[in-house]
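Notes for the structure review
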Amino acid sequence: DLRAVAAGAPLSSAAAADDAASGLEVADEDTARFAETYAEAALVGAMRPQLEGFVRSFVDCLAAGAAFTLCTAEDLELLVCGSREVGRFAELEGSCKYANGYTAESPTVRFFWQVVHSLPEAAKRKLLLFSTGCDRAPVLGLKALDFTLARSTASPEYLPTANICVNQLNLPEYTSAEMTRDRLLAALEHHTGFGFA
């Protein structure tokens, strides 16, 4: 029985349990069906208790009650993961906070926003991932991100760094838009997640 094997039973005991199938040839469609059943059991069946616990806790946290049944899979993805749209970076600029001596009028900050607004969507997603740990905008848009640009005391030869736990990008005092672009793109292309750029 394919389901018994997929659930982890040894092949010999599964065959013994199904004497009628012991003398049959295995056809291509049987191997495809076995692979599909095994994958479902391994990926879903083995994780069922954890998935059910996650869903129970998630529903409890939402405190949505019967309204939860009105949600589609897309609605849940939006709540958990954020919007697939990269978002409006003008909103992010408008709600941005500045730290360690930077203001909205600081030359490096002006260079930064000039560069960011000229980036293609893929690079903007990388910027979000680098700065926040997620390449998606929050459900309420980038204005809800609580994003901070902070002056770094590192030399302008250094790349930007980020504190993703607090959505903070640390920029050295770059002296031109070109330098800002070069350093920012290098950081976005070569960072390793929780490692150093």
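Anything mentioned here points back to the structure above.
We now turn to the structure provided with this report. Quick caveat: nothing in here was measured; it's all calculated off a predicted structure.

This part takes up the sheet that holds strand 4 (residues 168–171). Pairing is mixed across the open sheet formed by four strands, whose spatial order is 1-2-4-3. Two strands in the sheet have a free side with no partner beyond their single neighbour: strand 1 (97–99) and strand 3 (161–163). Averaged over all pairs of adjacent strands, the angle between their axes in this sheet comes to 25°, without regard to strand direction.

This part takes up the nonpolar core. The biggest cluster of nonpolar side chains holds 26 residues, and the ones touching the most others in it are Phe112, Trp113, Leu127, Phe147, Leu149 and Leu169. Elements represented by at least two residues in this core include exactly helix 6 (89–95), helix 7 (107–118), helix 8 (121–132), strand 4 and helix 9 (177–190).

This next bit is on the pattern of salt bridges. A side chain of one charge can pair with a side chain of the opposite charge when the charged atoms of the two come close. In the structure shown here, the tally under the stated rule is five salt bridges. The closest approach of N and O atoms between arginine 88 and glutamate 91, which form a salt bridge, is 3.3 Å. Given the relative accessible area of 54%, arginine 88 is considered exposed. For glutamate 121, the salt bridge is made with arginine 125, and the minimal N-O distance between the two is 3.2 Å. In this pair, glutamate 121 and arginine 125 are both assigned in helix 8, four residues apart and thus about one turn of the helix distant.

What follows is about the packing of helix 8 against helix 9. Relative to each other, helix 8 and helix 9 sit at 75°, their axes nearing to 9 Å. On the basis of the axis angle, helix 8 is roughly perpendicular to helix 9. Between helix 8, through Ala123, Lys126, Leu127 and Phe130, and helix 9, the contact on the second element is made entirely by Leu184, Ala187, Leu188 and Glu189. Here the residues of the contact of helix 8 with helix 9 are counted per class, giving six nonpolar, no polar and two charged.

Quick notes on the rules
Residues numbered from 1 in each chain as written. Predicted model: local features only at pLDDT ≥ 70, side-chain atom pairs only at ≥ 80, totals over all residues. Heavy atoms only, no water. Pairing = 2+ DSSP bridges. Helix = DSSP H or I, 4+ residues; strand = E, 2+ residues; numbered from the N terminus. Axes fitted to C-alpha atoms, helices over the stretch in contact; angles between N-to-C directions. Core = buried A, V, L, I, M, F, W, Y, C linked by side-chain atoms within 4.5 Å. Buried < 20%, exposed > 50% of the residue type's maximum accessible area, 1.4 Å probe, protein only. Salt bridge = Lys/Arg side-chain N within 4 Å of Asp/Glu carboxyl O. Parallel < 35°, antiparallel > 145°, perpendicular 65-115°, else oblique. Contact = heavy atoms within 4.5 Å. Nonpolar A, V, L, I, M, F, W, Y, C, P; charged D, E, K, R; others polar.

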